[in-house]
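Read off the chains here:
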Amino acid sequence: LGFPFRAPGKEPKDRIEHLKNLKTPTLICQGTRDSMGSIEDVQNYQLSKKIKFHWLEDGDHGLKPRKASGLELQDNLNSACEAIKYFIQTIK
């Protein structure tokens, strides 16, 4: 939950190197505006095809959305729990 792809304002460097060749099925639940790896940042990284993402709308690194989004933290936590449940049920 909320993988720290990079320090805020810095390049990922060695934080993602091990994710390029990952062979274990992995789910990362990440906020779309996470300062340590937003959706815009992460879509440009070369990562293993074994990694699946579940993006949490307007979530920060703690998955918390802004009030203006109309969402609450509990909404994103519920969404993450459902994604984790589905991932576990479908993993092969």
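Residues numbered from 1 in each chain as written. Predicted model: local features only at pLDDT ≥ 70, side-chain atom pairs only at ≥ 80, totals over all residues. Heavy atoms only, no water.

A. Representation of the overall build of the protein chain within the structure. Across its full length, the protein chain holds two helices and two strands. Reading the protein chain from its N terminus to its C terminus gives the helix and strand order β-α-β-α. For the protein chain, the C-alpha radius of gyration of 13 Å lies close to 12 Å, the compact-globule estimate for 92 residues. A principal-axis box enclosing the C-alpha atoms of the protein chain has dimensions of 35 × 35 × 15 Å. (Helix = DSSP H or I, 4+ residues; strand = E, 2+ residues; numbered from the N terminus. Rg over C-alpha atoms; globule rule 2.2 N^0.38 Å.)

B. Quick look at the pattern of salt bridges. What the rule picks out here adds up to four salt bridges. Residues D58 and R33 are paired through a salt bridge, measuring 3.4 Å at the closest nitrogen-oxygen approach. Taken as a pair, D58 in the loop between β2 (51-56) and α2 (73-90) and R33 in the loop between β1 (26-31) and α1 (39-42) lie far apart in primary sequence, 25 residues in all. For R33, a relative accessible area of 29% corresponds to the partly exposed category. Note that D58 is salt-bridged to R66, the shortest N-O span being 2.4 Å. Relative accessible area serves as the criterion here: at 9%, D58 is assigned to the buried category. On the accessibility criterion, R66 (48% relative accessible area) is partly exposed. (Salt bridge = Lys/Arg side-chain N within 4 Å of Asp/Glu carboxyl O. Buried < 20%, exposed > 50% of the residue type's maximum accessible area, 1.4 Å probe, protein only.)

C. Quick peek at the packing of aromatic side chains. Tallied over the full model, the rule gives four aromatic pairs. Three or more aromatic residues joined by ring pairs make a cluster, and in this case those are F3, F5, Y45, F53 and W55. (Phe/Tyr/Trp six-rings, centres within 6.5 Å; stacked < 30°, edge-to-face > 60°.)

D. Examining the side chain of D58 more closely. There is a polar contact of 2.4 Å between the side chain of D58 and the side chain of R66. When neighbours within four sequence positions are excluded, D58 is seen to be in contact with T32, R33, K64, P65, R66 and S69. (Polar contact = N/O pair within 3.5 Å; in protein donor to acceptor, adjacent residues only side chain to side chain. Contact = heavy atoms within 4.5 Å.)

E. Fine view of the nonpolar core. In terms of nonpolar packing, the biggest core is built from eight residues, these being F5, I16, L19, I28, V42, Y45, L47 and I51. Contact partners of F5, with chain neighbours within four places excluded, come to P12, R15, I16, L19, I28, Q30, M36, G37, V42, Y45, L47 and F53. (Core = buried A, V, L, I, M, F, W, Y, C linked by side-chain atoms within 4.5 Å.)

F. Spotlight on the environment of G37. Within the secondary structure, G37 sits in the loop between β1 and α1. Exposure remark for G37: the relative accessible area of 0% places this residue in the buried category. Along the sequence, G37 and E11 sit 26 residues apart, while their C-alpha atoms lie 10.0 Å from each other. For G37, the residues in contact, after removing those within four places along its chain, are F5, Q30, G31, V42 and W55.

These figures come from the coordinates and say nothing about function on their own.
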